[in-house]
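# Architecture and fold: a report
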Amino acid sequence: IGRLSNGEDIIRALEHFCQKNDIKMAAFSVTGAVSLFTIGVFDQKQQVHVTSRNELPMEIISCTGYIAFPGEKAYVKAQIILADQLGKTSGGRLFSDTLLFAGELQLIELLGPPAGREYDQDSGRMLWAVNKLKK
């Protein structure tokens, strides 16, 4: 567990924490508030994330995801739900820049070799390359 600094980008903070502590793969959640956020939703027809950036004070209702270092560069995937002072919510895939006003990190290290990702023809998305569950 750890406290994240004011003004820090969530994704870069996760990468730094894992590199500093030699963590190669982990699941995480983040609580707190943001002052600026960038989120995206996957457009299934175009097969790309459509992002929006907003400079608004928002509370983090939920932010969960994973981080892996399949090579030298980290891969972070997280979903976030945010609420404003009136309770209106926004959510989607978390992107940089998403700057913390205040934040706390709960991280669980996953042991074993970092899982890779591969392109999935059916969805147009990069998905885990291991443990494919059968229908």
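Let me sum up the structure you'll find in this document. Being a predicted model, the structure only gives us computed values, none of them experimental.

Rules of the game
Residues numbered from 1 in each chain as written. Predicted model: local features only at pLDDT ≥ 70, side-chain atom pairs only at ≥ 80, totals over all residues. Heavy atoms only, no water. Helix = DSSP H or I, 4+ residues; strand = E, 2+ residues; numbered from the N terminus. Rg over C-alpha atoms; globule rule 2.2 N^0.38 Å. Buried < 20%, exposed > 50% of the residue type's maximum accessible area, 1.4 Å probe, protein only. Contact = heavy atoms within 4.5 Å. Areas by Shrake-Rupley, 256 points an atom, 1.4 Å probe, with all protein chains shown as cover. Lys, Arg positive; Asp, Glu negative; His and termini not counted. Charge placed at Lys NZ, Arg CZ, Asp CG, Glu CD. Salt bridge = Lys/Arg side-chain N within 4 Å of Asp/Glu carboxyl O. Arc of directions from axis to C-beta. Polar contact = N/O pair within 3.5 Å; in protein donor to acceptor, adjacent residues only side chain to side chain.

## Overview of the overall build of the chain
- The number of helices and strands found in the chain is one helix and eight strands.
- For the chain, the succession of helices and strands along the chain, N to C, is β-α-β-β-β-β-β-β-β.
- Computed over C-alpha atoms, the radius of gyration of the chain comes to 15 Å, within 12% of the 14 Å expected from 2.2 N^0.38 for 135 residues, which places it in the range of a compact globule.
- Considering only C-alpha atoms, the chain reaches an extent of 45 × 40 × 25 Å along its principal axes.
- Within the chain, the proportion of its 135 residues that are buried is 35%.
- Put simply, 64% of the contacts in the chain that link residues at least 6 apart link residues at least 24 apart.
- With an accessible surface of roughly 8,700 Å², the chain has 53% of that area assigned to carbon and sulfur atoms.
- Distance from the positive charge centre (15 side chains) to the negative charge centre (15 side chains) of the chain: 6 Å.

## Some details on the pattern of salt bridges
- Tallying each qualifying case throughout the model produces four salt bridges.
- Linked through salt bridges whose partners overlap, the residues forming this network are Asp9, Arg12, Arg53 and Asp97.

## What to know about helix H1 (residues 10-20)
- Restricting attention to buried positions, one finds in H1 the residues Ile10, Ile11, Ala13, Leu14 and Cys18. End-on, the buried residues of H1 take up no more than an arc of 160°, which puts them together on one face. Looking at H1, the residues exposed on the side facing more than 90 degrees away from the buried face are Gln19 and Lys20.
- On its buried face, H1 sits against strand S1 (2-4), strand S2 (25-43), strand S4 (58-68), strand S5 (75-83) and strand S6 (89-109).
- With a side-chain oxygen lying 3.2 Å from the backbone nitrogen of isoleucine 11, the N-terminal cap of H1 falls on aspartate 9.
- The positive-phi residue at the C-terminal boundary of H1 is aspartate 22, with phi of around 55°.

## Quick word on the side chain of threonine 98
- Assignment of secondary structure puts threonine 98 in strand S6.
- Note on threonine 98: relative accessible area 0%, which makes it buried.
- Side-chain polar atoms of threonine 98 contact the backbone oxygen of phenylalanine 95, separated by 2.7 Å.
- Contacts of threonine 98, omitting those with residues within four sequence positions, involve Glu8, Asp9, Ile10, Val34, Leu36, Phe37 and Thr38.

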